[in-house]
Each structure stands twice: as structure tokens, then as C-alpha cells.
Amino acid sequence: MIRLNTTNLMTFIDAEEIEHMAPQIEVAHHMLHKKNGPGNDFLGWLDLPVEYDKEEFRRIRTAAAKIRKESDILLVIGIGGSYLGARAAIELLGHSFSNATDKKTRKAPMVLFCGNSISATYFSDLMDLLEGKRVSVNIISKSGTTTEPAIAFRVIRAYMEKRYGRQEARNRIYATTDRSKGALKGLSDQEGYESFVVPDDIGGRYSVLTAVGLLPIAVAGIDIREIMRGAKDAAKAYRKATLADNDCYLYAAARNCLLRRGYTTEVMVNYEPGYHFMTEWWKQLYGESEGKNGRGIFPAGVDNTTDLHSMGQYIQDGRRMLFETVVNFVNPRRSFGIPEDPENLDGLNFLSGMDMNEVNFKALQGTVLAHIDGGVPNMVLSVSDMNAYCLGELVYFFEKACAISGYLLSVNPFNQPGVEAYKKNMFALLGKPGFEKERAELEARLTGKG
């Protein structure tokens, strides 16, 4: 269960400001559900928790079981929405040191990720790790031509075919791609890879509840049925257009009220290290959805209490253009008692017998109060449990709030035209045929001669 507490915002905005957002929220709600707003051809995620392909879901679970049985490593190749959601779920719900434990303890293969950078060092180190391990591969790309995963898959495919032979490699490579077109789809059909669908009506950053995210998550041993159950309940809960009955819409309204007050940066704050990649997923979701036409709230994140000893100073006393959304897990997965020290050298015996979770929560409360006093608005998003059900709820909460928030900003929250700019420059500088003129112009600029 998810609850949003906006009480701490009332020092910084008036209650009437949020109330005045109600008519705009209602318009955005109807645009979304009537599917007549910008980007309406990418709304497949909206009803996905109810209308997902049950047969493909069954195949995902079957393939995951096969991979778990015959593999020590699942190598997931993808970038952006093709890997962030899966990694976020696995790190939040799995053992904190999952890949350092043995398979018997882990009860699943190591799930490793590549194709999300072009670092030769990272890739070389990864190849070292594969030696002596049984490997399966999940290549995730709608087109098959996105530079980073395409380079990675070129290398990994050659490695798999050399190591296992072409036929066995085919049995160990799983493709998540377009239903009917694209380079990867063509290769999958040619080679006979088992393939899963990236739906045409769901953009990459909204795709975690499709095969894109669910196959790696299932391989990691997480119950994807519970994830979908949580998302289904969230979809039902967040269909009401009224702010009083919909914390998802309240979150969208509150952050836009703060933006209009000049708070241009939102900091996602967590107190569980396993949440780090959920923040990374959230950053992509909101950054790509809202950051266009000179608009949007800049999404940032900190991992507390760690970052209280680095970024804490800036948040407490720096420029007053940021606000915080604090994620609190009411019932963390595990507990740990603090022992007594007979000599009390550190002076902390007053904590003896206390659960570490209680200390962590008091740190959260103390930080929230300090930041309010320092002029930082914040709201607290409480999540009842660190489990698969609540993950499904949380994913849907953020996805729908993002869509509503994008409409409040008068942008299309489902496209990403700016993402292509760097690719054109990179291809030109690498000497891709057809980019000769652009290459000359870019090199002149880089050398100061342009």
C-alpha cells in the first residue's frame, strides 16, 4: 500500500494552490483515459495490468524457469527503459549482495547488465566474469540498431556461438523486440531465438511491466504474478479524477505547484540502498517525459543516510530551487538488532537492543525536519512493504503520475525527440557513410576552427 503525505509542503505553498489544480487534473485525467491527448498512441501501459497478454506471460515464466535451471548468468543487453526497470526491481527485492553469493543461496542465476554504456573497461571486465559460467542472454531492443546494445550484442552473439556452437547458442539467446519488424526481429526469426514482444503502444520507459522487465525479473526469482497484482490494484485505485481520492494525482499536482513557485529540481530520497536503481528508473521516466520545450522538473536523487555526508550540505544550505520526495518503506525486508558494548567506547549504548530500522527511520524523520527548517519543501511517500506486490503498485503510481504531470506541463510525455541529437553527432564523428559533411563541421567545431 502507498500513501503520500504532503503536510510538509504547506509551509511553502498554500492548500488552495493544490485545490486550484483540481480542474486541470480532471482535464488531464480525461485526456489520458479517453486517449485523445498528445502521445495517445503510446498508452498501452495504462490498462496493461489488466489486459496484458496472458499467453506471453506464461511463456515468460516458462523461459525464466528454463534459464534458472541451465544458467549461472543471465546477461541482459539493453539501455534506458530496456534495462533500468528490471535492474531496479532485482536490486530492490533481491539480496543486497546477490551476485556475491552462490547460486544455491541466491536460488537464481546472476543477472548482469551490459549494452548500457560503451565502456571498453566495463565490457572487458564482464567478459572475464563469463569464463567458466553457464550463460544465457536476453537482448532487449525494439529496433536492434540502437548503438550501445547493438555493439554489445554483436560481441556477445559471437562469443556465444564460438563457445556453444550456433545451435546451442540459439537455445540460450532470448530476444525481446518488435512484434513484426526491425533488424533484431529479422535476426530472431532467422536464427530461431525464442522472442518476446516490445508492444508498439508502450514506450521504453513505461515498459517495465512488459516482457522487457518481466523476463529478467522472473529469472532473478521474483514473483512477477505479485508484481502484476500490485499494478492491477494500483490501476484500479488511481482511476478516480479527484485529488482527495487519488494520491497519484496529488503527487502530480503538488510537484507542479512547487515548480510554479520556482522549485525546479526534484530530489528523490531513499533510505534503503536497494532503492538506488529505482531512483535511476524514476529519473529516466520523468526526465525523458517532461524535459522538452524548455519545460520540466529536473529529476535528481540521493541515497541516505550515505549522501547526508556529501550532498546533505547542499540540500540543507544551498540554493533554494529544489524539493524532495522521500520514499519510506514502513516494513523493510529484514531487521538487525544493535548490540551493547560493555565499554561503550563510541557512546552509543543508548541504542543497544534497538532495531537498526528504527534508527534509520529516526534519521529520516530528523532529516525531513532539518530540511524543512532549511527551506526545502518535501513530501513523504510511504510504501508498506519491500515486496513484489508493492513494487507493482509503485511502478504504476509513478507511471501514471508522470503522464498526468506531463499534460499539466503541456508537453507530450510519451516522446523523446531530444534523445536523437547526440546520436547524429556521434555517427558523424565515427565516420558513418552519408555523414561526411556533418563530420567536417563537427570536427571544425571541436578544434576551434569552425
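The coordinates are above.
Below or above, wherever it landed, is the structure these notes cover. (Residues numbered from 1 in each chain as written. Predicted model: local features only at pLDDT ≥ 70, side-chain atom pairs only at ≥ 80, totals over all residues. Heavy atoms only, no water.)

Quick look at the packing of helix H4 (residues 54-70) against helix H11 (residues 211-219)
Inclusion rule: Think of each axis as a best-fit line through the C-alpha atoms, taken over the contacting stretch in the case of a helix, with angles from 0 to 180 degrees between the N-to-C directions. Where helices and strands are cited, they refer to DSSP runs of H or I of at least four residues and of E of at least two residues respectively, numbered from the N terminus. Each helix crossing is assigned a hand: it is left-handed if the near helix lies turned anticlockwise from the far helix by less than a right angle, otherwise right-handed if that turn is clockwise. Here, two residues are considered to be in contact whenever any of their heavy atoms come within 4.5 Å of each other. Basically, the charged four are Asp, Glu, Lys and Arg, the nonpolar ten are Ala, Val, Leu, Ile, Met, Phe, Trp, Tyr, Cys and Pro, and anything else, Gly included, counts as polar.
Viewed as axis vectors pointing N to C, H4 and H11 meet at an angle of 35 degrees, and their least axial separation amounts to 8 Å. In this structure, the crossing between H4 and H11 has a hand that is right-handed. Residues Glu56, Phe57, Ile60, Ala63, Ala64, Ile67 and Arg68 of H4 lie in contact with H11, whose contacting residues are Ala211, Leu214, Leu215, Ala218 and Val219. By residue class, the composition of the contact of H4 with H11 is 10 nonpolar, no polar and two charged.

Considering the nonpolar core
To be explicit about the condition: What is meant by a nonpolar core is a set of buried Ala, Val, Leu, Ile, Met, Phe, Trp, Tyr and Cys residues, joined one to another through side-chain atoms within 4.5 Å. Under the scheme applied here, a residue whose accessible area is under 20% of the maximum for its type counts as buried, over 50% as exposed, and between as partly exposed, the area being computed with a 1.4 Å probe on protein chains only.
Formed by 115 residues in total, the largest nonpolar core has its most connected members in Trp45, Trp281 and Phe398. Ranked by the residues each element gives to this core, the list is headed by helix H17 (residues 388-408), at 15 residues. Leaving out residues up to four positions away in the same chain, Trp45 has contacts with Leu32, Asp201, Ile202, Tyr206, Tyr396, Glu399, Lys400, Ala403 and Phe414. Grouped together as the second largest cluster of nonpolar side chains are 24 residues, Leu112, Met127, Ile139 and Ile156 included.

A look at a nonpolar patch on the surface
Here is the rule: Residues with no salt bridge and a relative accessible area higher than 30% make up the patches, which join like charges within 9 Å and nonpolar side chains (Val, Leu, Ile, Met, Phe, Trp, Tyr) within 5 Å. Calculation of accessible area relied on Shrake-Rupley with a 1.4 Å probe; when residues are assessed, cover is drawn exclusively from the protein chains displayed. Every case where a carboxyl oxygen of Asp or Glu lies within 4 Å of a side-chain nitrogen of Lys or Arg is listed as a salt bridge.
Taken together, the side chains of Ile118, Ile151 and Val155 present a nonpolar region at the surface, about 250 Å² in accessible area. Along the chain, Ile151 falls in helix H8 (residues 147-164). The exposure class of Ile151 is partly exposed, given its relative accessible area of 42%.

Looking at the packing of aromatic side chains
For the record, the criterion: Stacked, tilted and edge-to-face pairs are distinguished by plane angle, under 30 degrees for stacked and over 60 for edge-to-face with tilted covering the rest, among Phe, Tyr and Trp rings (Trp via its six-membered ring) whose centres lie within 6.5 Å.
Under the definition given, this model contains 18 aromatic pairs. Centroid distance Trp45 to Phe414: 6.2 Å. Interplanar angle 40 degrees. Geometry classified as tilted. Here Trp45, found in the loop between helix H2 (22-34) and helix H3 (48-51), pairs with Phe414, found in the loop between H17 and helix H18 (420-430); they are 369 residues apart in sequence, far enough to count as distant. Neither Trp45 nor Phe414 differs from the other in exposure class; each is buried.

A word on the packing of H2 against helix H13 (residues 247-260)
Defined as follows: An angle below 35 degrees is treated as roughly parallel, one above 145 as roughly antiparallel, one from 65 to 115 as roughly perpendicular, and anything else as oblique.
At a minimum axis distance of 11 Å, the contact between H2 and H13 shows a crossing angle of 125 degrees. Taken together, the axis directions place H2 and H13 in an arrangement best described as oblique. For the element pair H2 and H13, the recorded crossing hand is right-handed. Residue-level inspection shows Gln24, Ile25, His29 and His33 of H2 in contact with H13, the latter providing Tyr249, Ala253 and Arg260.

With respect to the sheet that holds strand S3 (residues 110-114)
Rules: Here, a strand pair is defined by DSSP locating no fewer than two bridges between the strands.
Read from one edge of the open sheet, five strands run S3-S2-S4-S5-S6, paired in parallel fashion. Lying at the two open borders of the sheet, with one neighbouring strand each, are S3 and strand S6 (194-197). Strand-to-strand twist in this sheet, taken as the mean axis angle between neighbours without regard to direction, amounts to 20 degrees. In this sheet, S6 lies alongside strand S5 (residues 173-177) in parallel orientation, the contact comprising four bridges.

Digging into the side chain of Thr265
You can see Thr265 is positioned in strand S7 (residues 265-270). In contact with Thr265, other than residues within four places in its own chain, are Ile297, Phe298, Ala300, Met321, Leu322 and Phe323.

Comments concerning unusual backbone geometry
One can expect most non-glycine residues to show negative phi and most peptide bonds to be in trans. Between Asn304 and the following residue, Thr305, the backbone shows a cis peptide bond with an omega angle of 10 degrees. Among the secondary structure elements, Thr305 is positioned in the loop between strand S8 (298-303) and helix H15 (312-317). Unlike most non-glycine residues, Lys107 shows phi in positive territory, near 60 degrees. Its location among the elements puts Lys107 in the loop between helix H6 (103-106) and S3. Of the residues examined, Lys107 reaches a relative accessible area of 68% and is grouped as exposed.

Some points on the state of the cysteines
Put simply, the rule is: Any two cysteine sulfur atoms within 2.5 Å of one another count as a disulfide.
Enumeration over the complete set of coordinates arrives at zero disulfides. Lacking any disulfide linkage, Cys248 is separated from the closest cysteine sulfur, that of Cys402, by 9.9 Å.

Some details on the pattern of salt bridges
Tallied over the full model, the rule gives 26 salt bridges. For Arg239, the salt bridge is made with Asp47, and the minimal N-O distance between the two is 3.7 Å. Residue Arg239 is found in the loop between helix H12 (224-237) and H13, and its partner Asp47 is found in the loop between H2 and H3; the two are separated by 192 residues along the sequence. Residue Asp47 is classed as partly exposed on the basis of its relative accessible area of 22%. One salt-bridge network, held together by shared partners, links Arg157, Glu161, Arg166, Arg170 and Glu191.

Considerations on the environment of Lys104
If you trace the backbone, Lys104 turns up in helix H6. Residue Lys104 is classed as exposed on the basis of its relative accessible area, which comes to 76%. Sequence separation of Lys104 and Leu184 is 80 residues, and the distance between their C-alpha atoms is 34 Å.

Let's talk about the sheet that holds strand S10 (residues 378-385)
Strand pairing in a sheet relies on backbone hydrogen bonds. The paired strands run either parallel or antiparallel. Read across the sheet, five strands follow the order S1-S10-S9-S7-S8 without closing on themselves; strand pairing throughout is mixed. Both edges of this open sheet fall to strand S1 (2-5) and S8, since each of them pairs with a single strand only. Strand-to-strand twist of the sheet, defined as the mean angle between neighbouring strand axes without regard to direction, takes the value 20 degrees. Examined bridge by bridge, strand S9 (residues 322-331) and S10 share seven bridges and lie parallel to one another. Its bridge partner being in S10, Asn328 is matched across the sheet by Ser382.

Quick look at the pairing of S3
Of all five residues that make up S3, five are buried, and the element is covered over most of its length. Of the two faces of S3, the one carrying Met110, Leu112 and Cys114 and the one carrying Val111 and Phe113 are both buried. Alignment of strand S2 (residues 73-77) against S3, held across five bridges, turns out to be parallel. Note on S3: the bridge partner recorded for Ile77 is Cys114.

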